[in-house]
Amino acid sequence: MTDQHDKIKRYLDEMCSQVKAREVHTDLRDELGNHIREMMLDKEQEGLTQEEAAEYAIKQMGDPGAVGKSMHRLYRHRMHWGLIIGLISLAIVSLFLMWIFTTNVTNTMYQSIYYNHVVYTVMGIMFMSFFIFFDYRKWRRAAWWIYILFNLMLWINPMISPSINGTNRYITGFGFVLDLTTAAMWVLPLAIGAILMDKLRSHFGVQTILSYIAMVALPAALLFQISDLVRLMMFVIISLVLFGWITRKWLYTVIATVITACIGFLLLLTTDSFHRLERFSVVFNLDDDPMGNGYYNLSIMNILQSAGWWGNGLDTAFDRFKTSYFDYPGVLLIDVFGWAAGIGLLVAIIWFVASMVNTLPRIRDDFGRMIIVIITSIFTLQMVYSLAMTTGRVPILSVVFPFIGYGNHLIFDYAMMGLLLGVYRRKDTVSLKNNKSRPTTTPIQ
């Protein structure tokens, strides 16, 4: 033990009392205690007694309060206030847009949407607050249980839950509706990565590749069975990104992407009963079906043309398309406030994504980095495609706009941002023993 001497123990106790991140206390005691012990041994060899050597070493280390405060500055929990302020801003924009919608729409069936949106936002912020302070490393220990649980839920839920909007993707109960496939899209890549990350890096080969394919294929098949093509597509894309990031085998990743795309196209050709290919291809021939599959695209483009730089104002008249504005917050924003607001939203999204990406080099823990990669990738895909739909030039899919779109997806949006912020918060307090890239602590003279 490096702190077996009473004076050393008291010194380290006083030093650690200044460091609020308790998880680094053991590492700091070992590191600083070893410095003290080395100096003691040198002085004992010069003829000093153990008591004299201890006094000398402690004196060389400096005042324990000052040392503790300097250690606290190095190893403390940190908030990413830029992202938090950005989230607050998006929440305000979201609530304001939904208020505009509910005060202008005449159909009474939409009047409760604002209340529901507030509830989802508040619940999401509560979950975000929890995950900010949650130790993300516990996910790794529970990864197998999470993986098994979600696959069981994807398998059983279609058998016991009623169909809502033609799909069995929702869990219902006690007046509450939870989007199961959205939850699976977020959580399953985290579980799969936690289970196989070390094996893929240290024992990369046919067996580990097949293990990864099998673990991805099971939930993919269950999502296909539920007929949630959008969440299936997102899950597969993130799984491919995760495989490439973990293995750094980009050629394998490209090959897997091509094979997966071919399989997906063949499945659409042979098993699709919802005419999705027809709906996808309508963007190339919008005038052929202006009141059918092309209606939403043409409506969006007409609104963009009429909005101008400053929009049509708060008293914009609602037609058939605008009663679905809660699904198209970007279009609502441009309609009311014009292209200037749309450009502002684009700049804000670019900044938001860039801020998430910039957290990655600051995280030294591989599992924490993996969480950042997954969460940033999913948010980026959703935001980019949602912005693309705002132009009316791409197929209209059920891709929600994170943070400002309506729905219980807000709970997962905020929860996952809380997990990302929780990783960032602990970036300087992960175990020093397993982190060779950390700065070496030096005594204060």
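Below or above, wherever it landed, is the structure these notes cover. (Residues numbered from 1 in each chain as written. Predicted model: local features only at pLDDT ≥ 70, side-chain atom pairs only at ≥ 80, totals over all residues. Heavy atoms only, no water.)

### A short note on the overall build of the protein
- Each helix and strand in the protein was counted, giving 18 helices and two strands.
- Referenced to the eigenvectors of the C-alpha coordinate spread, the extents of the protein come out at roughly 95 × 55 × 45 Å.
- A burial count over the protein gives 50% of its 445 residues as buried.
- Counting 37 positive and 33 negative side-chain charges, the protein places the averaged centre of each group 2 Å from the other. (Helix = DSSP H or I, 4+ residues; strand = E, 2+ residues; numbered from the N terminus. Buried < 20%, exposed > 50% of the residue type's maximum accessible area, 1.4 Å probe, protein only. Lys, Arg positive; Asp, Glu negative; His and termini not counted. Charge placed at Lys NZ, Arg CZ, Asp CG, Glu CD.)

### What about the environment of Met123?
- Mapped onto the secondary structure, Met123 falls in helix H6 (residues 113-133).
- A C-alpha to C-alpha distance of 9.3 Å links Met123 and Asn408, two positions 285 residues apart in sequence.
- The contact partners of Met123, leaving out residues within four places of it in the chain, are Phe176 and Ile411. (Contact = heavy atoms within 4.5 Å.)

### Some remarks on the packing of H6 against helix H18 (residues 409-425)
- Running from N to C, H6 and H18 cross one another at 20°; their axes reach a closest spacing of 7 Å. Taken together, H6 and H18 sit at an angle that is classed as roughly parallel. In this structure, H6 crosses over H18, and the sense of that crossing is right-handed. For the pair formed by H6 and H18, the contact residues are His117, Tyr120, Thr121, Met123, Gly124, Ile125, Phe127, Met128, Phe131, Ile132 and Phe133 on the first element and Leu410, Ile411, Tyr414, Ala415, Met417, Gly418, Leu419, Leu421, Gly422 and Arg425 on the second.
- Looking at the contact of H6 with H18 residue by residue, the classes come out as 15 nonpolar, five polar and one charged. (Axes fitted to C-alpha atoms, helices over the stretch in contact; angles between N-to-C directions. Parallel < 35°, antiparallel > 145°, perpendicular 65-115°, else oblique. Left-handed = near helix turned anticlockwise from the far one by under 90°. Nonpolar A, V, L, I, M, F, W, Y, C, P; charged D, E, K, R; others polar.)

### Quick word on the pattern of salt bridges
- Counted by the stated rule, this structure contains 13 salt bridges.
- Lys7 is paired through a salt bridge with Glu51; the nearest N and O atoms lie 2.8 Å apart. Of the two residues, Lys7 is situated in helix H1 (residues 6-16) and Glu51 in helix H3 (residues 50-61); the sequence distance between them amounts to 44 residues.
- Of the charged contacts in the structure, one is a salt bridge between Lys9 and Asp13, with a shortest N-O distance of 3.3 Å. Of this pair, Lys9 and Asp13 both sit in helix H1, separated by four residues, roughly a single helical turn.
- The exposure class assigned to Lys9 is partly exposed, which follows from its relative accessible area of 40%.
- Relative accessible area serves as the criterion here: at 34%, Asp13 is assigned to the partly exposed category.
- Overlapping salt bridges bring together Arg78, Arg364, Lys427 and Asp428 as one network. (Salt bridge = Lys/Arg side-chain N within 4 Å of Asp/Glu carboxyl O.)

### Some details on the packing of H1 against helix H4 (residues 64-74)
- At their nearest, the axes of H1 and H4 sit 7 Å apart, and the two run at 45° to each other. As judged from the angle between their axes, H1 and H4 are oblique. Between H1 and H4 lies a crossing whose hand is right-handed. Listed contacts from H4 to Tyr11, Glu14 and Met15 of H1 are Pro64, Gly65, Val67, Gly68 and Met71.
- Its residues assigned to classes, the contact of H1 with H4 shows five nonpolar, two polar and one charged.

### Some words on the side chain of His409
- Structurally, His409 can be placed in helix H18.
- Here Tyr406 takes part through its backbone oxygen, which lies 3.3 Å from a polar atom of the side chain of His409.
- What His409 contacts, discounting residues up to four positions off in sequence, is Val400, Phe401, Pro402 and Phe403. (Polar contact = N/O pair within 3.5 Å; in protein donor to acceptor, adjacent residues only side chain to side chain.)

### Quick look at empty space enclosed by the protein
- Applying the stated criterion to the full structure yields one cavity of 30 Å³ or more.
- Its boundaries defined by the atoms lining it, the largest cavity holds a volume of some 70 Å³.
- Lining the largest cavity are Asp327, Tyr328, Pro329, Gly330, Val331, Ser386, Met389, Thr390, Val399 and Phe401.
- Those elements that provide at least two residues to the lining of the largest cavity are helix H15 (329-337) and helix H17 (366-389). (1 Å grid on protein atoms, 1.4 Å probe; cavity = no way out; pocket = protein on both sides within 12 Å on 5 of 7 lines; lining within 4 Å. Points joined across faces, edges and corners; volume = space filled by probe spheres on them.)

### Remarks on unusual backbone geometry
- Phi is positive for Ser227, close to 70°, though the residue is something other than glycine.
- Along the polypeptide, Ser227 turns up in the loop between helix H10 (206-226) and helix H11 (229-247).
- For Ser227, a relative accessible area of 31% corresponds to the partly exposed category.
- For Phe403, which is not glycine, the phi dihedral falls at a positive 75°.
- Note on placement: Phe403 falls in the loop between H17 and H18.
- A relative accessible area of 0% means that Phe403 is categorised as buried.

### Some thoughts on H11
- Taking 1.5 Å per residue as the helical rise, H11 with its 19 residues ought to reach 27 Å, and the 27 Å between its terminal C-alpha atoms agrees with that figure.
- By the criterion of burial, H11 is predominantly enclosed, with 15 of the 19 residues buried.
- Following H11 by one or two positions, Arg248 adopts a phi angle in the positive range, close to 60°. (Expected span 1.5 Å × (residues − 1).)

### Quick notes on the packing of aromatic side chains
- Going through the model one piece at a time under the given rule, you end up with 25 aromatic pairs.
- Judged by centre distance (5.2 Å) and plane angle (75°), the ring pair of Phe130 and Phe131 falls under edge-to-face.
- These aromatic residues form a ring-pair network of at least three members: Trp186, Trp351, Phe352, Phe379, Phe403 and Tyr414.
- One cation-aromatic arrangement involves Lys43 over Tyr56; the distance from NZ or CZ to the ring centre is 4.4 Å.
- Over the ring of Trp245 we find Arg201; its NZ or CZ atom is 4.7 Å from the centre of that ring. (Phe/Tyr/Trp six-rings, centres within 6.5 Å; stacked < 30°, edge-to-face > 60°. Lys NZ or Arg CZ within 6 Å of the ring centre and 35° of its normal.)

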